[in-house]
Amino acid sequence: MNKVYKNAKEAIFDIKSGMTLMLGGFGLCGIPENCIAELVEKGVNNLTCISNNAGVDNFGLGLLLQKKQIKKMISSYVGENEEFERQMLSGELEVDLIPQGSLAERCRAGGSGIPAFFTPAGFGTEVAEGKEVRYFNNKPHILESALFADFALVKAWKGDKFGNLIYKGTARNFNPVMAMAGKITIAEVEELVEPGELDPYFVHTPGIFVQRIFQGINYEKRIEQRTFRKR
Amino acid sequence: MNKVYKNAKEAIFDIKSGMTLMLGGFGLCGIPENCIAELVEKGVNNLTCISNNAGVDNFGLGLLLQKKQIKKMISSYVGENEEFERQMLSGELEVDLIPQGSLAERCRAGGSGIPAFFTPAGFGTEVAEGKEVRYFNNKPHILESALFADFALVKAWKGDKFGNLIYKGTARNFNPVMAMAGKITIAEVEELVEPGELDPYFVHTPGIFVQRIFQGINYEKRIEQRTFRKR
Amino acid sequence: MLNKNQIAQRIAQELRNGWYVNLGIGIPTLVANYVPKGVEVEFQSENGILGMGPFPYEGDEDADMINAGKQTVTLLPGASVFDSATSFAMIRGKHVQLTVLGAMEVSQNGDIANWKIPGKMVKGMGGAMDLVASADNIIVAMMHTNREGESKLLKSCSLPLTGVACVKKIVSNLAVLDVTEHGFKLIERAPGVSVEEIVNATEGNLIVEGEIPEMSF
Amino acid sequence: MLNKNQIAQRIAQELRNGWYVNLGIGIPTLVANYVPKGVEVEFQSENGILGMGPFPYEGDEDADMINAGKQTVTLLPGASVFDSATSFAMIRGKHVQLTVLGAMEVSQNGDIANWKIPGKMVKGMGGAMDLVASADNIIVAMMHTNREGESKLLKSCSLPLTGVACVKKIVSNLAVLDVTEHGFKLIERAPGVSVEEIVNATEGNLIVEGEIPEMSF
């Protein structure tokens with residue numbers, strides 16, 4: 001059950017151009033920094049990236065956008081990124097925008113063997129175009145399908161050699177549901193521990209959802225909006 | 001946000017005959033003992049009970065069955081209970097048997113605003129009768145609908161006054177998904193603590209799903225199959 | 001005429017004890033500063049917080065603790081943190097009693113548009129579509145008119161919709177309005193704003209019945 | 001002829017390194033006792049355990065730590081505990097590589113019946129329907145015939161089904177059989193059991209090709 005890889009380079013060795021990736025994180029919080037850096041280094045392109053956001057111009061997924069490695073983004077919110085907006089409006093980048101709750105649930109569904117479900121989100125909007133509408137309890141719902149990825153890249157706080165993960169604060173966000181939906185899920189963690197060190201009653205992502213794990217380095221953990229009170 | 005009630009009697013004061021209840025637990029593990037005892041005491045009947053199991057003859061939901069307070073059971077596995085089998089085979093008790101995974105997911109769906117979803121479980125069996133069948137990826141799936149309850153009765157290890165809950169070991173089971181699906185969810189806990197005592201990163205059931213909470217008493221926590229090794 | 005803080009303050013008067021409340025980015029975020037005395041509410045942030053507190057003290061900012069606007073925040077005692085699917089289970093499952101969000105346009109039947117200007121601006125809907133499709137109680141915080149002075153309270157929205165027939169109440173810089181079967185119903189005027197000004201700033205059908213009180217704080 | 005423990009032991013030979021395995025109640029539970037040396041697997045119990053260990057030492061039994069058979073169990077280092085929806089997300093989502101369960105009947109196309117005898121016995125399907133509908137790799141542990149000596153490996157099942165065309169392999173007290181397009185294919189004989197005995201005990205179509213080896217432990 002030892003799933004440990006040495007570093008990002010070794011863990012993502014078989015990610016190829018044209019593949020579909022899920023990347024955890026909300027804004028720049030809880031993103032797989034090491035894997036993203038290695039994808040830039042590796043130069044794979046034509047990627048389809050499923051991620052709630054697209055990073056900022058010079059960090060997170062913005063780094064892959066700069067190098068034009070992304071063919072298509074599937075996201076819910078892509079503000080805060082001028083290069084993204086430029087590529088999208090010029091037609092260089094395909095973009096599929098999805099309500100945030102539907103995005104999360106579609107990832108969970110992909111990992112849970114649920115091919116489709118009904119949700120009220122997006123009825124009567126562009127999002128519903130071409131989708132089946134059905135009324136439940138007199139309220140319209142649309143049918144949304146499961147999402148899958150060749151690789152899911154997630155970032156956790158601590159993880160053990162079996163792939164069990166815990167997340168810190170709101171860095172959890174999309175990471176647990178994406179971990180479920182990857183054909184191969186790669187977890188990068190701030191601290192790699194021995195099996196038995198994580199409390200089994202309080203594991204966030206059970207190891208069964210994780211195929212590879214490595215201890216990341218040099219986390220920048222950039223803050224997008226530093227807001228504070230004076231003491 | 002103080003949701004604390006004094007005891008089971010006060011917490012279930014408005015449960016009435018004919019209502020639909022969800023009850024957490026798997027076998028006798030993690031069942032709301034105090035609430036069940038009080039339902040017996042109160043004598044409400046014609047209940048529809050959604051619970052993975054039906055207890056044993058003289059404990060758990062078996063106590064309500066003895067008193068014929070249950071009109072209908074919605075469960076996945078009802079062995080280990082002779083009175084149940086007698087009432088069912090004689091037609092006194094309506095029984096809706098549901099695959100365990102579909103039962104859990106239907107509760108979660110009820111609490112999550114998802115009115116229906118597709119699952120492969122039960123295709124080609126009695127369970128699929130009258131249900132829509134659709135193929136995804138060449139595999140048949142059936143459409144299952146969300147479950148709801150007037151009251152969900154759950155049992156947790158610790159809880160705070162805001163309704164945040166954590167569970168011990170496998171006593172978690174159906175409790176978190178049923179907590180989500182109750183119009184009113186009543187949590188009984190072994191230990192009631194102050195807000196701030198539970199680690200916010202490791203709460204199992206966020207308080208938003210719980211409307212009432214009380215500290216239970218005299219937990220028997222009966223073991224159904226005591227299995228052990230010699231030292 | 002209300003400024004942004006006053007809009008937030010007026011909305012805060014709608015809070016009720018025991019409610020779970022989701023505040024959108026912008027003016028809605030400010031509502032948290034005006035919770036009336038004696039009213040206890042918990043704020044939900046859709047990136048995964050229940051019991052969100054104020055900004056941290058300077059130097060205590062934690063990159064791993066942000067709200068849906070990506071701002072560094074804190075947790076209050078009794079808070080909990082969870083994943084995005086659980087967060088939207090709360091929202092979609094109607095466990096959140098009030099949603100406050102901004103809008104670019106609202107129509108007289110309660111349609112809302114706030115995520116896209118075709119060919120010009122596409123930020124995405126974020127969690128807004130889930131919020132407006134599910135919440136029973138939606139208050140929109142917005143300016144009554146755009147920079148050119150054109151009404152943003154319309155007969156029908158011109159921009160791509162975020163949700164249909166969902167907005168229940170609007171608090172603008174000029175007025176409080178309910179969205180009713182027959183259109184916008186004027187409830188209160190902002191201090192110093194006349195009914196006529198509100199009529200002129202509202203393109204959609206506006207119902208004015210009897211004396212319209214000035215709002216008080 | 002194999003006893004229950006030997007059936008479990010033969011099934012254990014099918015385990016592969018790194019697999020997550022769900023063991024049903026009865027004979028399947030015994031498989032955990034025979035994991036071959038050098039093979040690391042983790043056992044999933046559908047009530048919410050990954051990394052299930054052996055029974056506790058006498059006196060250490062914990063009512064809050066049971067398996068799907070309601071037996072008191074322990075956790076191994078690296079285990080995790082979760083709710084029922086997450087447990088079946090693992091199962092339905094094909095994260096479990098092998099499911100071993102019992103059966104009252106199996107048909108030659110891989111249908112399985114194990115949850116109900118109409119008018120007589122209704123225990124319910126528990127997690128079996130989810131398991132058989134989702135698992136790519138299902139081994140059935142069963143007796144080849146019932147107490148009356150009638151075959152339980154049939155042309156088609158007479159009892160209400162648990163799942164259709166899902167069983168891949170059967171290990172009975174008499175033989176190991178694969179379920180193929182053309183019916184049951186005999187792979188191995190139990191020690192001391194002749195091909196003829198197996199033929200006689202099998203009502204469904206049985207394919208016997210070449211020499212059938214005796215199983216070894």
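Quick notes on the rules
- Residues numbered from 1 in each chain as written.
- Chains lettered and ligands numbered in written order.
- Predicted model: local features only at pLDDT ≥ 70, side-chain atom pairs only at ≥ 80, totals over all residues.
- Heavy atoms only, no water.
- Helix = DSSP H or I, 4+ residues; strand = E, 2+ residues; numbered from the N terminus.
- Rg over C-alpha atoms; globule rule 2.2 N^0.38 Å.
- Buried < 20%, exposed > 50% of the residue type's maximum accessible area, 1.4 Å probe, protein only.
- Contact = heavy atoms within 4.5 Å.
- Areas by Shrake-Rupley, 256 points an atom, 1.4 Å probe, with all protein chains shown as cover.
- Lys, Arg positive; Asp, Glu negative; His and termini not counted.
- Charge placed at Lys NZ, Arg CZ, Asp CG, Glu CD.
- Pairing = 2+ DSSP bridges.
- Axes fitted to C-alpha atoms, helices over the stretch in contact; angles between N-to-C directions.
- Right-handed = clockwise from strand over helix to strand, strands pointing away.
- Arc of directions from axis to C-beta.
- Buried area = accessible area lost by both parts, 1.4 Å probe.
- Salt bridge = Lys/Arg side-chain N within 4 Å of Asp/Glu carboxyl O.
- Polar contact = N/O pair within 3.5 Å; in protein donor to acceptor, adjacent residues only side chain to side chain.
- Nonpolar A, V, L, I, M, F, W, Y, C, P; charged D, E, K, R; others polar.
- Parallel < 35°, antiparallel > 145°, perpendicular 65-115°, else oblique.
- Left-handed = near helix turned anticlockwise from the far one by under 90°.
- Phe/Tyr/Trp six-rings, centres within 6.5 Å; stacked < 30°, edge-to-face > 60°.
- Lys NZ or Arg CZ within 6 Å of the ring centre and 35° of its normal.
- Core = buried A, V, L, I, M, F, W, Y, C linked by side-chain atoms within 4.5 Å.

1. Regarding the overall build of chain A
Link 1 in the chain: The helix and strand inventory of chain A stands at six helices and eleven strands.
Link 2 in the chain: Computed over the C-alpha atoms, the radius of gyration of chain A is 18 Å, within 12% of the 17 Å expected from 2.2 N^0.38 for a compact globule of 231 residues.
Link 3 in the chain: In terms of overall dimensions, chain A has C-alpha extents of about 50 × 50 × 40 Å along its principal axes.
Link 4 in the chain: Sorting the 231 residues of chain A into buried and exposed places 65% on the buried side.

2. A closer look at the overall build of chain C
Link 1 in the chain: The helix and strand tally for chain C stands at five helices and 15 strands.
Link 2 in the chain: What you see for chain C is a C-alpha radius of gyration of 17 Å, in line with the 17 Å of a compact globule of 217 residues.
Link 3 in the chain: Across the 217 residues that make up chain C, the buried fraction comes to 61%.
Link 4 in the chain: In chain C, the proportion of contacts linking residues at least 24 apart, taken out of those at least 6 apart, comes to 60%.
Link 5 in the chain: Roughly 8200 Å² of accessible area belongs to chain C as shown, and the carbon and sulfur atoms make up 48% of that amount.
Link 6 in the chain: Across chain C, the 17 positively charged side chains and the 25 negatively charged ones have centroids separated by 4 Å.

3. Details of the sheet that holds strand β1 (residues 20-23) of chain C
Residue and element names in this part refer to chain C.
Link 1 in the chain: Pairing within the open sheet is mixed, and its ten strands lie in the order β4-β3-β2-β1-β5-β10-β12-β13-β14-β15. Pairing within the sheet leaves two strands with one partner each, and these edge strands are β4 (75-81) and β15 (206-207).
Link 2 in the chain: Strand contacts of helix α3 (residues 84-92): β1, β2 (42-45) and β3 (49-52), with the helix running at about 120 degrees to β2, the strand carrying the most contacts.

4. Focus on the environment of Phe136 of chain A
Link 1 in the chain: By secondary structure assignment, the location of Phe136 of chain A is in strand β6 (residues 133-136).
Link 2 in the chain: Residue Phe136 of chain A is classed as buried on the basis of its relative accessible area of 19%.

5. Description of the pairing of strand β1 (residues 20-23) of chain A
Residue and element names in this part refer to chain A.
Link 1 in the chain: Where burial is concerned, the two faces of β1 agree: the one with Thr20 and Met22 and the one with Leu21 and Leu23 are both buried.
Link 2 in the chain: Both β1 and strand β2 (residues 47-50) contribute to a ladder of three bridges, which runs parallel. Along β2, the bridge assignment pairs Leu21 with Cys49.
Link 3 in the chain: The β-α-β motif built from β1, the intervening helix α2 (residues 33-42) and the parallel element β2 has right-handed crossover chirality.
Link 4 in the chain: Relative to strand β8 (residues 149-160), β1 is paired through three bridges, and the arrangement is parallel. Counted as the bridge partner of Met22 is Ala152 from β8.

6. Some words on helix α4 (residues 82-89) of chain A
Link 1 in the chain: For α4 of chain A, the complete set of buried residues consists of Glu83, Phe84, Gln87 and Met88 of chain A. End-on, the buried residues of α4 of chain A take up no more than an arc of 130 degrees, which puts them together on one face.

7. Examining the interface of chain A and chain C
Link 1 in the chain: Between chain A and chain C, the contact holds 51 residues from the first and 50 residues from the second.
Link 2 in the chain: Around 4300 Å² of area is buried between chain A and chain C when both sides are counted, 57% of it from carbon and sulfur atoms.
Link 3 in the chain: It is Thr170, Thr227 and Arg229 of chain A that lose the most area in chain A upon contact with chain C, and together they represent 16% of the buried surface on that side.
Link 4 in the chain: Scanning the region where chain A abuts chain C turns up seven salt bridges.
Link 5 in the chain: Of the charged contacts, one joins Lys168 of chain A and Asp64 of chain C as a salt bridge, the two residues approaching to 3.3 Å between their closest N and O atoms.
Link 6 in the chain: Counting across the interface, chain A meets chain C through 29 residue pairs in polar contact (both at pLDDT 80 or more).
Link 7 in the chain: Sorting the residues of the side of chain A that touches chain C by element identifies α4, α5 (100-112) and α6 (175-181) of chain A as the ones contributing at least two each.
Link 8 in the chain: In terms of residue count, α5 of chain A provides more of the side of chain A that touches chain C than any other element does, six residues in total.
Link 9 in the chain: Looking at the side of chain A that touches chain C residue by residue, the class counts come to 20 nonpolar, 16 polar and 15 charged.

8. Here we look at the packing of α5 of chain A against α3 of chain C
Link 1 in the chain: Two numbers describe how α5 of chain A lies on α3 of chain C: the axes approach to 9 Å, and their chain directions differ by 125 degrees. Of the possible angle classes, the one that applies to α5 of chain A and α3 of chain C is oblique. In terms of crossing hand, the pair formed by α5 of chain A and α3 of chain C is left-handed. On α3 of chain C, the residues that touch Gln100, Gly101, Ser102, Ala104, Glu105 and Arg108 of chain A of α5 of chain A are Ser84, Ala85, Phe88 and Arg92 of chain C.
Link 2 in the chain: Each residue belonging to the contact of α5 of chain A with α3 of chain C can be placed in one class, and the counts come to three nonpolar, four polar and three charged.

9. Quick word on the interface of chain D and chain A
Link 1 in the chain: Residue-level contacts link 24 residues of chain D with 20 residues of chain A.
Link 2 in the chain: Surface buried jointly by chain D and chain A totals about 1700 Å² across both partners, of which 62% is contributed by carbon and sulfur atoms.
Link 3 in the chain: Inspection of the chain D/chain A interface yields zero salt bridges.
Link 4 in the chain: Looking at the side of chain D that touches chain A, the elements that each hand over two or more residues are β4 (75-81) and α3 (84-92) of chain D.

10. Quick look at the packing of aromatic side chains
All names here are of chain B.
Link 1 in the chain: Counted under the stated rule, the structure contains three aromatic pairs over all chains.
Link 2 in the chain: It is Lys155 that lies over the ring of Tyr219; its NZ or CZ is 5.1 Å from the centre.
Link 3 in the chain: Geometry around Trp157 places Lys158 over its ring, the cationic atom sitting 5.1 Å from the centre.

11. Focus: helix α1 (residues 4-12) of chain C
A turn of α-helix holds 3.6 residues, and therefore any two residues three or four places apart point the same way.
Residue and element names in this part refer to chain C.
Link 1 in the chain: Listed as buried for α1 are Ile7, Ala8, Arg10, Ile11 and Ala12.
Link 2 in the chain: At its buried positions, α1 is contacted by α2 (27-30), β5 (98-102), β10 (138-142), β12 (169-172), β13 (175-180) and β14 (183-189).
Link 3 in the chain: The opening residue of α1, the one whose side-chain oxygen lies 3.1 Å from the backbone nitrogen of Asn5, is Asn3.

12. Looking at the pairing of strand β7 (residues 139-145) of chain A
All names here are of chain A.
Link 1 in the chain: For β7, the buried fraction is high: five of the seven residues fall into the buried class.
Link 2 in the chain: Across four bridges, the pairing between strand β5 (residues 116-119) and β7 is antiparallel. Residue pairing across strands places Phe118 opposite Leu143, the latter belonging to β7.
Link 3 in the chain: Relative to β7, β6 is paired through four bridges, and the arrangement is antiparallel.

13. Description of the nonpolar core
Link 1 in the chain: Counting residues in each nonpolar core, the largest one holds 114 residues, and the members touching the most others are Ile170 of chain C together with Val140 and Ile170 of chain D.
Link 2 in the chain: Met73, Phe84, Met88 and Val127 of chain A belong to the second largest nonpolar core, which has 40 residues in total.

14. Focus: the pattern of salt bridges
It is possible for side chains bearing opposite charge to pair when their charged atoms get close.
Link 1 in the chain: For the structure on display, the rule yields 56 salt bridges over all chains.
Link 2 in the chain: Among the salt bridges present, the one from Glu105 of chain A reaches Arg108 of chain A, with a minimum N-O distance of 4.0 Å. Within this pair, Glu105 of chain A and its partner Arg108 of chain A are both found in helix α5, separated by three residues, close to a single helical turn.
Link 3 in the chain: We note a salt bridge from Lys131 of chain B to Glu144 of chain B, for which the minimum N-O separation is 3.2 Å.

15. A closer look at the side chain of Asn175 of chain B
Residue and element names in this part refer to chain B.
Link 1 in the chain: Residue placement: Asn175 occurs in helix α6 (residues 175-181).
Link 2 in the chain: At a separation of 3.1 Å, a polar atom in the side chain of Asn175 contacts the main-chain amide nitrogen of Lys155.
Link 3 in the chain: Only 2.9 Å separates the side chain of Asn175 from the backbone oxygen of Ala171, close enough to count as a polar contact.
Link 4 in the chain: Excluding residues within four positions of it along the chain, Asn175 makes contact with Gly24, Gly25, Gly30, Leu153, Val154, Lys155 and Tyr167.

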